[in-house]
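Here's the letter readout for the chains.
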Amino acid sequence: MPEIQFDFFQRKYLRPYTEFAEESWGKSCYQSSEKYLNWLYKENPCGNSSEEDFILGLAEGKVVGCIHKMRWVWKNKDQIEFIPNIHNLMVSEKYRKGWFGIKLLKQSLLGENHALIPGVPKNQGSLYRFLKCQQVTSCWYRKILTPIKGALCLSLKKLLNYDAPNSFFTLSQFQNKKFQDDPVQVTLEPDELVIQKIISQLNKKPSETLSAYWTLEQFKWRFFHPLGPKHLLIYKDSEHTLEDFLILSLGPRRGLNVARVVEFEASSSQVLKHLMQVAERVIKIFGGHVLLVFCASQRLNEKLQELNLKLIKNSPNTYFAHKNSDVLFHSVAFTGSAGDFGFEAIP
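What you see is a predicted model, and the numbers here were worked out from it, not measured in a lab. (Residues numbered from 1 in each chain as written. Predicted model: local features only at pLDDT ≥ 70, side-chain atom pairs only at ≥ 80, totals over all residues. Heavy atoms only, no water.)

Asker: Hey, could you go over the overall build of the chain for me, with residue numbers and the actual values?
Answerer: For the chain, the helix and strand inventory stands at 10 helices and 18 strands. Here the C-alpha atoms of the chain give a radius of gyration of 20 Å, agreeing with the 20 Å that 2.2 N^0.38 yields for 347 residues. Along the three orthogonal principal directions, the C-alpha set of the chain runs to about 65 × 50 × 35 Å. Out of the 347 residues belonging to the chain, those deemed buried represent 54%. Summarising the internal contacts of the chain: among those between residues at least 6 apart in sequence, 74% fall at separations of at least 24. Charged side chains in the chain number 44 positive and 35 negative. The centres of these two groups are separated by 7 Å. (Helix = DSSP H or I, 4+ residues; strand = E, 2+ residues; numbered from the N terminus. Rg over C-alpha atoms; globule rule 2.2 N^0.38 Å. Buried < 20%, exposed > 50% of the residue type's maximum accessible area, 1.4 Å probe, protein only. Contact = heavy atoms within 4.5 Å. Lys, Arg positive; Asp, Glu negative; His and termini not counted. Charge placed at Lys NZ, Arg CZ, Asp CG, Glu CD.)

Asker: Please give an account of the sheet that holds strand E18 (residues 332-333) that cites residues and values.
Answerer: Spatial ordering of the open sheet is given by E5-E4-E11-E18, a layout of four strands whose pairing is mixed. Whereas interior strands pair on both sides, the edge strands pair on one side only; in this sheet they are strand E5 (79-82) and E18. Summarising the sheet, strand E4 (residues 73-76) and E5 pair through four bridges and their orientation is antiparallel. In the sheet register, Trp74 faces E5, and the bridge partner there is Glu81. (Pairing = 2+ DSSP bridges.)

Asker: A description of the confidence of the model for the chain should follow, citing residues and the corresponding values.
Answerer: Confidence along the chain averages 92 in pLDDT terms, with 97% of residues attaining 70 or more. Helix H6 (residues 171-175) is the least confidently modelled element of the chain, averaging 73 in pLDDT, while helix H8 (residues 216-224) averages 98, the highest of any element. (pLDDT = per-residue confidence, 0-100.)

Asker: With reference to specific residues and values, describe the pairing of strand E3 (residues 62-70).
Answerer: For E3, the tally of buried residues reaches eight of nine residues, placing the bulk of the element in the interior. Judged from the five bridges that link them, strand E2 (residues 55-59) and E3 form a sheet pairing that is antiparallel. Its bridge partner being in E3, Leu58 is matched across the sheet by Val63. The turn linking E2 back onto E3 is made up of two residues, and Glu60 within it adopts a positive phi angle of 50°. Here E3 pairs with strand E6 (residues 85-91) via five bridges, running antiparallel. Bridged to Met70 within E6 is Asn85.

Asker: Outline the side chain of Arg222, supporting the account with residue identities and numerical values.
Answerer: Considering the arrangement of structural elements, one finds Arg222 in helix H8. With no salt bridge to any partner, buried Arg222 finds its closest opposite charge in Asp340, at an N-O distance of 7.3 Å. Within the local environment of Arg222, its side chain forms a polar contact with the backbone oxygen of Ser337, the two atoms lying 2.9 Å apart. From its side chain, Arg222 meets the backbone oxygen of Phe341 in a polar contact 3.0 Å long. Not counting residues up to four positions away in its chain, the partners in contact with Arg222 are Trp39, Met70, Trp72, Trp214, Pro229, His231, Gly336, Ser337, Gly339, Phe341 and Phe343. (Salt bridge = Lys/Arg side-chain N within 4 Å of Asp/Glu carboxyl O. Polar contact = N/O pair within 3.5 Å; in protein donor to acceptor, adjacent residues only side chain to side chain.)

Asker: Which residues make up helix H7 (residues 192-202), and what are the values?
Answerer: Listing the buried residues of H7 in full gives Val194, Ile195, Lys197, Ile198, Ile199, Gln201 and Leu202. The secondary structure elements touched by the buried residues of H7 are H8, strand E12 (231-236), strand E13 (244-253) and strand E14 (256-265). Its side-chain oxygen at 3.1 Å from the backbone nitrogen of Leu193, Asp191 defines the N-terminal cap of H7.

Asker: Describe a nonpolar patch on the surface, listing the residues and the values that go with them.
Answerer: A surface patch of nonpolar side chains, about 370 Å² in accessible area, is lined by Leu159, Leu160 and Tyr162. Tracing the backbone through its elements, the reader meets Leu160 in helix H5 (residues 147-160). (Patch = residues over 30% accessible without salt bridge, like charges linked within 9 Å, V, L, I, M, F, W, Y side chains within 5 Å. Areas by Shrake-Rupley, 256 points an atom, 1.4 Å probe, with all protein chains shown as cover.)

Asker: Can you explain the packing of H7 against H8? Please cite residues and give values.
Answerer: In contact at an axis separation of 10 Å, H7 and H8 are set at 105° when each is read in the N-to-C sense. Considering the angle they form, H7 stands roughly perpendicular to H8. Listed contacts from H8 to Glu192, Ile195, Gln196, Ile198, Ile199 and Leu202 of H7 are Leu216, Phe219 and Lys220. Here the residues of the contact of H7 with H8 are counted per class, giving six nonpolar, one polar and two charged. (Axes fitted to C-alpha atoms, helices over the stretch in contact; angles between N-to-C directions. Parallel < 35°, antiparallel > 145°, perpendicular 65-115°, else oblique. Nonpolar A, V, L, I, M, F, W, Y, C, P; charged D, E, K, R; others polar.)

Asker: Help me get a handle on the nonpolar core, residues and values and all.
Answerer: One finds Tyr17, Leu56, Trp74, Phe219, Phe320 and Phe334 to be the most contacted residues of the largest nonpolar core, which totals 60 residues. When near neighbours in sequence (up to four residues on either side) are disregarded, Phe219 contacts Ile195, Ile198, Ile199, Leu202, Trp214, Phe224 and Ile247. (Core = buried A, V, L, I, M, F, W, Y, C linked by side-chain atoms within 4.5 Å.)

Here it is as structure tokens:
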């Protein structure tokens, strides 16, 4: 087998990487989009983000593996920490034997004190335990919104490799649709006052809990940047605070249009139930087939489980890698926004 070399992404690799991404994730996948690369590595306001975070595996001039990294800001014991999330680890089938994937992961972890690694299949858990990664509790939920349409789309995908027409939360579509729900607002373009209220709420975490730390710039980049994933905000406002909201993504995945709750807060299970009902209605209007939720917050998971959402069996694991394996996070609280959840919403 040819020798594999590692290199960080450079523009000369754009075409071979695009070909590799389309072979690995399918035609028109967001991973092959130059918008995704520019948004993730050039526009991220996290100061140390660059294309050197994007590692490629090369063999005989071809890209045969890759791993991506999103720089992110966290708060831990009242201290700001920069902890990236590692995602989209992919290796060509021909090169999956041996330790190539683990070598890519270790290459990506070089120089990092900590890193979040969500979405690890359960059958790969032994590899991450071998690397002395810390597993944290996370829950994955699913609600099928259009059972008949969804089943038809999946059948067409399986039999004919046909994908449902792509759906996104775009302004042109939003302006042609009506959303009426008196106490709840729905928008694709929240104003800064609303965003500041949400940020204030999101940053109210106990000091001993590791959680994402939000700034106005970081919030706008993650949810409402022109190159990034398209999101929709549903919220219940009050004069001084904003305690109840959902941020949703919508995009194509494996033949269906998949919506995700990528960030949320709720003052009660009753209010969360109402917000979720509005979300389901909006998602179906936009052409979504299924709603997914990822959550690694015990408090929010308790609220979600009161809604009788279906827990996904054998859902992927969530890990933190630590440079010093004796340094563990004893309390964490975060949702999908800290990872790559919802990236399929990049048009």
